[in-house]
Amino acid sequence: MTFTTRPTLEGTFGMVSSTHWIASQVGMRLLERGGNAFDAAAAAGFVLHVVEPHLNGPGGDMPAIVVTADDPTPRVLCGQGPAPAGATIEHYRSEGLDLVPGSGPLAAAVPGAVDAWLALLRDHGSLPLGEVLGPAAHYARHGHPVLECVSATVERVADLFTEDWTTSADLWLDGGRAPAPGSLHRNPAWADTLDRLVAEAEAAGGDHVRQVEAARRAWSQGFVAEAIDAFSRKPFRDSSGERHGGLVTGQDMASFGATWEAPVTLDWRGHTVCKTGAWGQGPALLQALATLDALDPDTVPDPGTADGAHVVAEAMKLAFADREAWYGDVDDVPLDTLLSPAYAAERAALVGERASHDLRPGSPDGRTPRLAAHAQGGTAPAAGDATTGEPTVERSGLTRGDTCHVDVVDRFGNMVSATPSGGWLQSSPTIPELGFCLGSRMQMFWLDEGLPSSLAPGRRPRTTLTPTVVLREGRPFMACGSPGGDQQDQWQLLFLLRTLGLGQGLQEAIDAPAWHTTSFPGSFWPRTSEPGVLVVEERLGAEVVADLEARGHDVRVEGAWSLGRLCAVTREEDGVLRAGANARGMQGYAVGR
């Protein structure tokens, strides 16, 4: 038996896995009280806004993939807010900018997370809204123990808060000091906001759907939208070093609503892997799987070996190069071709014995790829702005803004994979009346004209948020995901190869040594690339590292438990449920019975 940091949980009633133990337990509480997986996921999601405020917030984003017990067809819930109506390339250029800032009001897209959670409850929830939002309101009003990484994050931005983002200083600093790890932190303004959403719902009367719709109106057309409209265009300092006002208006809020759509899928060795559309990076994982199959249809590469890590890394580089050239919120992304066996064979032919240091997008349907100018030369070291970045795991083990994740499966067969992110405490100044800040997702747009991911009003940023649902022989089997920005699909690819391909258990695969490449333009300001770099946990082993270096990889060895934050749940055909969660960072936990 392989040693794991904690057991793979097994049971038949329900399983919740998330990036914070309180959120997982709150989700389980909702299942115990008769709720379903959708009630549990939403309750956990609202708690994650409170207990992981450096990783997500109400002003951020949330895509999810769900299946219901009544209909096993996966559906994508898009809670990725678009660019505001005033967000034109001309506006940013007139401000002297070549990139959208990585923080501050000018980086904010329309908030999407809360509306998406409410849409999930409207369409599939079963419990009263007050019961679902109650735990988050409780922890916001009465306090929750501050994580060490929250304290460190606030400490890094304390000067900015004191000097410019004074509304954030009012919420997070006491006498100019960050909250101590383990101390109770309260956010009464957010608790009041949640309570008012519930009150607006209950005042509407009627059935469950009518009440949730009333809360959505209060968010997008009522008091929340009014406060955002009044605050968002005030100028504050951002990652550019200058002060800029934002663009989100009340009308932008009213115009947005979370939507349902079909997933993009790939059949792989008896499984169907489901991802969001190309407005997210998810199809890159599918491309990598297809390329690996084209390389060797009979063998699953082992990411823990030098041979396996090399071919997987090279497949990843090719997929993410296509992400840069072809993905975005546009109608003409050639996904059918990008995921076709013939195209996979073309890409597989580029995988050689040596590591490539080049960005090599393909030419689906004979089309010529075009990249942003910065993507072709953005190799300068990242600036040390503590407000920016999502995926970076520092050598200290702390993250500079990241993401959360929650997976739920219940005894009925309902399943959710959700990846809330953005709107973290260091992304933008706090809106004092509401108790949260806006996000910075628009940094994923390019200011070059004519690209699939060029900035345009109403277009969704090409997000890194990428939940996953897997069917086994057409039956919903797994929900999984991970924080990590550009690393999310890379870490998930390793996990899926190990579980679906190599037969490892959930916790065994989660605990296995993780690694990723940064050999393509990052999605986060300042959008830099590190050609040929492979970042690995030292547990991968000196012999494997030496072999990879001999093949031309620029290997950077990080801490033994520093990469990857996966969550996962499964449901077998006989009703047995399983769950695992990442031990890295000492926050993630799975619960269930």
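Above this text is the structure in question.
Residues numbered from 1 in each chain as written. Predicted model: local features only at pLDDT ≥ 70, side-chain atom pairs only at ≥ 80, totals over all residues. Heavy atoms only, no water.

Draft legend 1. Local environment of the nonpolar core. One finds W117, W190 and I228 to be the most contacted residues of the largest nonpolar core, which totals 89 residues. Not counting residues within four places of it along the chain, the set of residues in contact with W117 comprises A41, A42, G45, F46, H49, M62, V406, A418 and P420. Among the nonpolar cores identified, the runner-up in size contains 61 residues, and A288, A313, Y327 and L540 belong to it. (Core = buried A, V, L, I, M, F, W, Y, C linked by side-chain atoms within 4.5 Å. Buried < 20%, exposed > 50% of the residue type's maximum accessible area, 1.4 Å probe, protein only. Contact = heavy atoms within 4.5 Å.)

Draft legend 2. Spotlight on the pairing of strand β17 (residues 475-481). Burial of β17 is extensive: seven of the seven residues sit out of reach of the surface. When strand β16 (residues 468-472) meets β17, the two strands line up antiparallel, connected through five bridges. Considered in β17, the bridge of T468 is made with C480. Relative to strand β21 (residues 567-571), β17 is paired through four bridges, and the arrangement is antiparallel. Looking at the pairing, A479 lines up with V569 of β21. (Helix = DSSP H or I, 4+ residues; strand = E, 2+ residues; numbered from the N terminus. Pairing = 2+ DSSP bridges.)

Draft legend 3. Broad picture of the pairing of strand β11 (residues 271-275). Burial within β11 is extensive, with five of its five residues counted as buried. Covered by surrounding structure in β11 are H271, V273 and K275 together with T272 and C274, the residues of both alternating faces. Where strand β10 (residues 264-268) lies against β11, five bridges are found, and the strand directions are antiparallel. Across the sheet, V264 pairs through a bridge with K275, a residue of β11.

Draft legend 4. Quick peek at unusual backbone geometry. For the bond running from W525 to P526, omega is 5°, close enough to zero to count as cis. Assignment of secondary structure puts P526 in the loop between β18 (515-517) and β19 (533-537). Residue R527 is not a glycine yet carries a positive backbone phi of 60°. Considering the arrangement of structural elements, one finds R527 in the loop between β18 and β19.

Draft legend 5. Main features of the pattern of salt bridges. Inspection of the entire model under this criterion finds 33 salt bridges. Between R141 and D192 there is a salt bridge, and its shortest N-O distance comes to 2.8 Å. In this pair, R141 sits in helix α5 (residues 129-142) while D192 sits in helix α9 (residues 188-204), placing the two residues 51 residues apart along the sequence. The partly exposed category is assigned to R141, whose relative accessible area is 29%. R141 is the partner of D195 in a salt bridge, and the nearest nitrogen-oxygen pair spans 2.8 Å. Placement of D195 in helix α9 and of R141 in helix α5 is noted, with a sequence separation of 54 residues between them. (Salt bridge = Lys/Arg side-chain N within 4 Å of Asp/Glu carboxyl O.)

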